[in-house]
Amino acid sequence: MPPFDSSMTQLILWAALGYLMGSIPFGMIIAKVMGLGNLRNIGSGNIGATNVLRTGNKAAAALTLVFDAAKGAVAVLLARALGGEDAAQIAALAAFLGHCFPIWLSFKGGKGVATFLGLWLALDWRVGVACCLTWLVAAAIWRISSLGALLAAAFSTIWVIVLTDGSTFLLGIILTLLVYWRHSANLARIKAGTEPKIGQS
């Protein structure tokens, strides 16, 4: 963990900002703007890019992926620029929680994969790129988005150890555990061999 030089009030403010940025449901907004309907009634009902892809609109899915990643990255970069490294890590965790538990959707949000990747690209681009490549390789081999996400999350702590000074290690562990918790149903389906492949309903 970095040294906590910011005041508690400042950290709370950055946590609130991170949460609010992370809670913007871009998947639902993009689906509505592009006339794709209510994501809650499509596929898994999730608000993320994988479920948007189930509408058949690749452009909408790509936009959702980019915006969900960007909101996490922007929260981190703003907090780091104006508050320091401790604020950046607090904002990162809060943005992830905001995506997963947005107040606007009765705390029923997405699983946080794109936001997770965006956070890491902003926290340390080397870890972020390594996580993205891990997801891409796994998804290309098995064609299962959730498996790619789980492997990217698992390997993120390894990339932190190998590529950084370790100051984000504890945050990485927390984010990884949250990703696995949010994907508990996916894990069960992967074990049962019933998890849908990319593009499948």
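Cut-off values and rules
Residues numbered from 1 in each chain as written. Predicted model: local features only at pLDDT ≥ 70, side-chain atom pairs only at ≥ 80, totals over all residues. Heavy atoms only, no water. Disulfide = S-S within 2.5 Å. Buried < 20%, exposed > 50% of the residue type's maximum accessible area, 1.4 Å probe, protein only. Helix = DSSP H or I, 4+ residues; strand = E, 2+ residues; numbered from the N terminus. Contact = heavy atoms within 4.5 Å. Core = buried A, V, L, I, M, F, W, Y, C linked by side-chain atoms within 4.5 Å. Expected span 1.5 Å × (residues − 1). Arc of directions from axis to C-beta.

1. Re the state of the cysteines
Overall, the coordinates contain zero disulfides when judged by the stated rule. The thiol of Cys131 is unpaired, and the distance to the nearest cysteine sulfur, on Cys132, comes to 7.0 Å. On the basis of relative accessible area, Cys132 is assigned to the partly exposed category, the value being 22%.

2. Some words on the side chain of Thr168
Structurally, the position occupied by Thr168 is in the loop between helix H8 (145–163) and helix H9 (169–182). Excluding anything up to four places from it in sequence, Thr168 contacts Gln89, Trp120 and Val160.

3. Describing the nonpolar core
Counting 23 residues, the largest nonpolar core has Val76, Phe96, Phe116, Leu119, Trp120, Leu123 and Leu175 as the members making the most contacts within it. If you list the elements that add at least two residues to this core, you get helix H4 (58–83), helix H5 (85–100), helix H6 (113–123), helix H7 (125–142), H8 and H9. Setting aside anything within four residues of it in sequence, one finds Phe96 in contact with Lys111, Gly112, Thr115, Phe116, Leu119, Leu175, Leu178 and Val179.

4. Let's talk about the environment of Ala152
Within the fold, Ala152 resides in helix H8. The spatial distance from the C-alpha of Ala152 to the C-alpha of Leu136 is 9.0 Å, given a sequence separation of 16 residues. When neighbours within four sequence positions are excluded, Ala152 is seen to be in contact with Phe116, Cys131, Thr134 and Trp135.

5. Thoughts on H7
Here H7 is 18 residues long and its end C-alpha atoms lie 25 Å apart, about the 26 Å a rise of 1.5 Å per residue gives. Taken together, the buried positions of H7 are occupied by Val127, Gly128, Ala130, Cys131, Thr134, Trp135, Ala138 and Ala139. Along H7, the residues classed as buried sweep out an arc of 165 degrees about the axis, all on the same side. Along H7, the residues that are exposed and aim more than 90 degrees away from the buried face are Trp125, Ala140 and Ile141.

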